[in-house]
Amino acid sequence: MSKPTDLQHDLERSLPAIASISSSFSQSQGFSPYFFSPEKRKAISDVRRTFCLFVTFDLLFISLLWIIELNTKEGIKENLKGEIINYKFKTSFFDIFLLALFRFVVLLLGYAVVRLRHWWVIAVTTLVSSAFLIVKVILSELLTKGAFGYLLPIVSFVIAWLETWFLDFKVLTQEAEEERWFLAAQAAASRPLLYPRALSEGQFYSPPESFAGSDNESDEEGVGRKALTTQEKEYVRQGKEAMEVVDQILAQEENWKFEKNNDFGDVVYTFEIPFHGKTFILKAFLQCSPEMVYQEVILQPEKMILWNRTVAACQILQRVEDNTIVSYDVAAGAAGGVVSPRDFVNVRRIERRRDRYVSSGMSTTHSLKPPLSKYVRGENGPGGFIVLKCPSNAKICTFIWILNTDLKGRLPRYLIHQSLAATMFEFAFHLRQRMAELCSKP
């Protein structure tokens, strides 16, 4: 490695965590309402609560400035009489205080009490504030009062527009993203089985154990197995090809180039693959059994939307044979809509080996999911998830995510490469939270 793994770098968050693009086979089944239910949603989101606090700060800050302005040698009481009882538009600051009070009452009523999800309320308050302040500055004599004649109108004007920016680009955008995530989770919970089978709770299909170099693959036709079509054989071939590339990447770990790491000890490397370009590799140590990660990430990708908000959907389109499936994945948009949602159609191959669990995959096509106008169709090169067992401790494991992706669209490639490390760190953070949650259950 070119750098030690204990360096700390700040996380960037400009792209969605495309966690679903390398997830693996899941015996498609509905979810219990235990995993996600409407009553578990917060009455008011964290970002909306922050907005309400900022609106309160607006009123308190303007009030404080006004009180300071009143506290002159004549005293607050005399100045209050002059500005309120003997109010004059050209000389009084009282109306600027009332303007802040107007914003406070209207915005909290609209976004804290009624909890509107539209910008029209703040558009009204900002328009009224801006128009009033411009007229007051033009017609009044406040500028003759010294510093406060400039300060109060400018601060009131700036705060009003900051509130508008915060609501439009933070509150409404993030809540819309959370709503899409919630609806996707609910849809997954109510989705019927694609392959009905008498499975008990917590029991999932797992492919047979594979051995490196074995030619006795599960895709061979045999007793009790249906003959594969030409297209299905192509899916199997693509899955094997992706698995070969993944094995080659793992075998050349000494050639991985260090990119960055984080506080948890997660490290992102890069590696150049012939014909496929730069590949990003996440390596993380998890304090949980490898079987738990195998079930949660590889065998149950459709449940990922319950704990990873950057994943909008994951659907199994076809089970080709024991080790090969075709899936459809949607990565949610990010950066306030700058990065639109991407969808992927992937072929995946899953192998259980003595020392690891491997899920490899790459992009393919499927008749059930042609490109849609509402999504940009991304393309994945060979990559996947690897869960390495620890020989000396069954309660810890090493998680590796190999990601080679082209998001298409008009995003500059250098910008994507700069942000993919943060994307992978974010996924590792959600995964570690999920594992801690499962480990805490009796």
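Scroll up for the structure.
Cut-offs applied
- Residues numbered from 1 in each chain as written.
- Predicted model: local features only at pLDDT ≥ 70, side-chain atom pairs only at ≥ 80, totals over all residues.
- Heavy atoms only, no water.
- Helix = DSSP H or I, 4+ residues; strand = E, 2+ residues; numbered from the N terminus.
- Buried < 20%, exposed > 50% of the residue type's maximum accessible area, 1.4 Å probe, protein only.
- Polar contact = N/O pair within 3.5 Å; in protein donor to acceptor, adjacent residues only side chain to side chain.
- Contact = heavy atoms within 4.5 Å.
- Patch = residues over 30% accessible without salt bridge, like charges linked within 9 Å, V, L, I, M, F, W, Y side chains within 5 Å.
- Areas by Shrake-Rupley, 256 points an atom, 1.4 Å probe, with all protein chains shown as cover.
- Salt bridge = Lys/Arg side-chain N within 4 Å of Asp/Glu carboxyl O.
- Pairing = 2+ DSSP bridges.
- Expected span 1.5 Å × (residues − 1).
- Phe/Tyr/Trp six-rings, centres within 6.5 Å; stacked < 30°, edge-to-face > 60°.
- Lys NZ or Arg CZ within 6 Å of the ring centre and 35° of its normal.
- Core = buried A, V, L, I, M, F, W, Y, C linked by side-chain atoms within 4.5 Å.
- Axes fitted to C-alpha atoms, helices over the stretch in contact; angles between N-to-C directions.
- Parallel < 35°, antiparallel > 145°, perpendicular 65-115°, else oblique.
- Nonpolar A, V, L, I, M, F, W, Y, C, P; charged D, E, K, R; others polar.

Caption draft 1: Quick look at the side chain of Arg-432. Along the chain, Arg-432 turns up in helix α8 (residues 413-440). Using a relative accessible area of 19% as the deciding quantity, one classes Arg-432 as buried. Among the polar contacts made by the side chain of Arg-432, one reaches the side chain of Asp-266 at a distance of 2.8 Å. Each residue touching Arg-432, except ones within four places of it in the same chain, is listed here: Phe-264, Asp-266, Ala-284, Phe-285 and Leu-286.

Caption draft 2: A nonpolar patch on the surface, seen in detail. Among the surface-exposed residues, Ile-134, Val-135, Ile-138, Leu-139, Tyr-150, Ile-154, Phe-157, Val-158, Trp-161 and Leu-162 lie close enough to one another that they form a single nonpolar patch of about 960 Å² accessible area. When contributions to the nonpolar patch are tallied by element, the ones reaching two or more residues are α4 (120-139) and α5 (147-190). Counting through the fold element by element, Ile-134 comes out in helix α4.

Caption draft 3: Representation of the pairing of strand β7 (residues 356-363). Among the 8 residues of β7, 8 are classified as buried, and the element is accordingly described as predominantly covered. Both strand β6 (residues 342-352) and β7 contribute to a ladder of 7 bridges, which runs antiparallel. Residue pairing across strands places Arg-348 opposite Gly-361, the latter belonging to β7. The hairpin turn running from β6 into β7, its antiparallel successor, is 3 residues long. Across 6 bridges, β7 lies against strand β10 (residues 383-389) in antiparallel orientation.

Caption draft 4: How the structure looks around helix α3 (residues 94-113). Taking 1.5 Å per residue, 20 residues should reach 28 Å; α3 reaches 27 Å between its end C-alpha atoms and fits that length. Of the residues making up α3, those classed as buried are Phe-94, Asp-95, Ile-96, Phe-97, Leu-99, Ala-100, Arg-103, Leu-107, Leu-108, Gly-110 and Tyr-111. Positive phi appears at Arg-115, one or two residues downstream of α3, with a value of about 60°.

Caption draft 5: Quick peek at the packing of aromatic side chains. With the rule as written, the count across this model stands at 21 aromatic pairs. Ring plane angle 10° and centroid distance 6.2 Å describe the contact between Phe-51 and Phe-166, whose orientation is recorded as stacked. Within this pair, whereas Phe-51 is found in helix α1 (residues 46-70), its partner Phe-166 is found in helix α5, the two being separated by 115 residues in sequence. Classification of Phe-51 by relative accessible area gives buried; the value is 1%. Members of the aromatic cluster, each reached through a chain of ring pairs, are Phe-51, Tyr-111, Trp-165, Phe-166 and Phe-169. Positioned above the aromatic ring of Tyr-328, the side-chain terminus of Lys-369 is 4.5 Å from the ring centre.

Caption draft 6: Molecular detail of the nonpolar core. By size, the foremost hydrophobic cluster in this structure holds 38 residues, and its most contacted members are Val-293, Phe-399 and Phe-427. Contributions of two or more residues to this core are made by β3 (277-286), α7 (290-299), β4 (311-321), β5 (324-331), β6, β10, β11 (397-403) and α8. Sequence-distant contacts of Phe-399, that is, excluding residues within four places in its chain, are made with Leu-282, Lys-283, Ala-284, Leu-286, Val-293, Val-297, Phe-385, Ile-386, Val-387, Phe-427 and Leu-431.

Caption draft 7: Spotlight on the packing of α1 against helix α2 (residues 76-85). Viewed as axis vectors pointing N to C, α1 and α2 meet at an angle of 110°, and their least axial separation amounts to 9 Å. In this view, α1 runs roughly perpendicular relative to α2, as classed from their interaxial angle. In this structure, α1 uses Trp-66, Ile-67, Glu-69 and Leu-70 to contact α2, whose residues at the interface are Ile-76, Asn-79, Leu-80, Glu-83 and Ile-84. The residue makeup of the contact of α1 with α2, split by class, is 6 nonpolar, 1 polar and 2 charged.

Caption draft 8: How the structure looks around the pairing of β10. In terms of residue burial, β10 counts as a mostly covered element, since 5 of its 7 residues are buried. Bridge count for β10 against β11 is 6 bridges, and the pairing is antiparallel. For Lys-389, the partnering residue across the bridge sits in β11 and is Cys-397.

Caption draft 9: Region of interest: the packing of α3 against α4. It is the contact of α3 with α4, at a shortest axis distance of 9 Å, that shows an interaxial angle of 175°. Classified by the angle their axes make, α3 and α4 are roughly antiparallel. Contact residues: Asp-95, Ile-96, Leu-99, Phe-102, Arg-103, Val-106, Leu-107 and Tyr-111 in α3; Trp-120, Val-121, Ile-122, Thr-125, Val-128, Ser-129, Phe-132, Leu-133 and Lys-136 in α4. Along the lines of polarity and charge, the residues of the contact of α3 with α4 split into 12 nonpolar, 2 polar and 3 charged.

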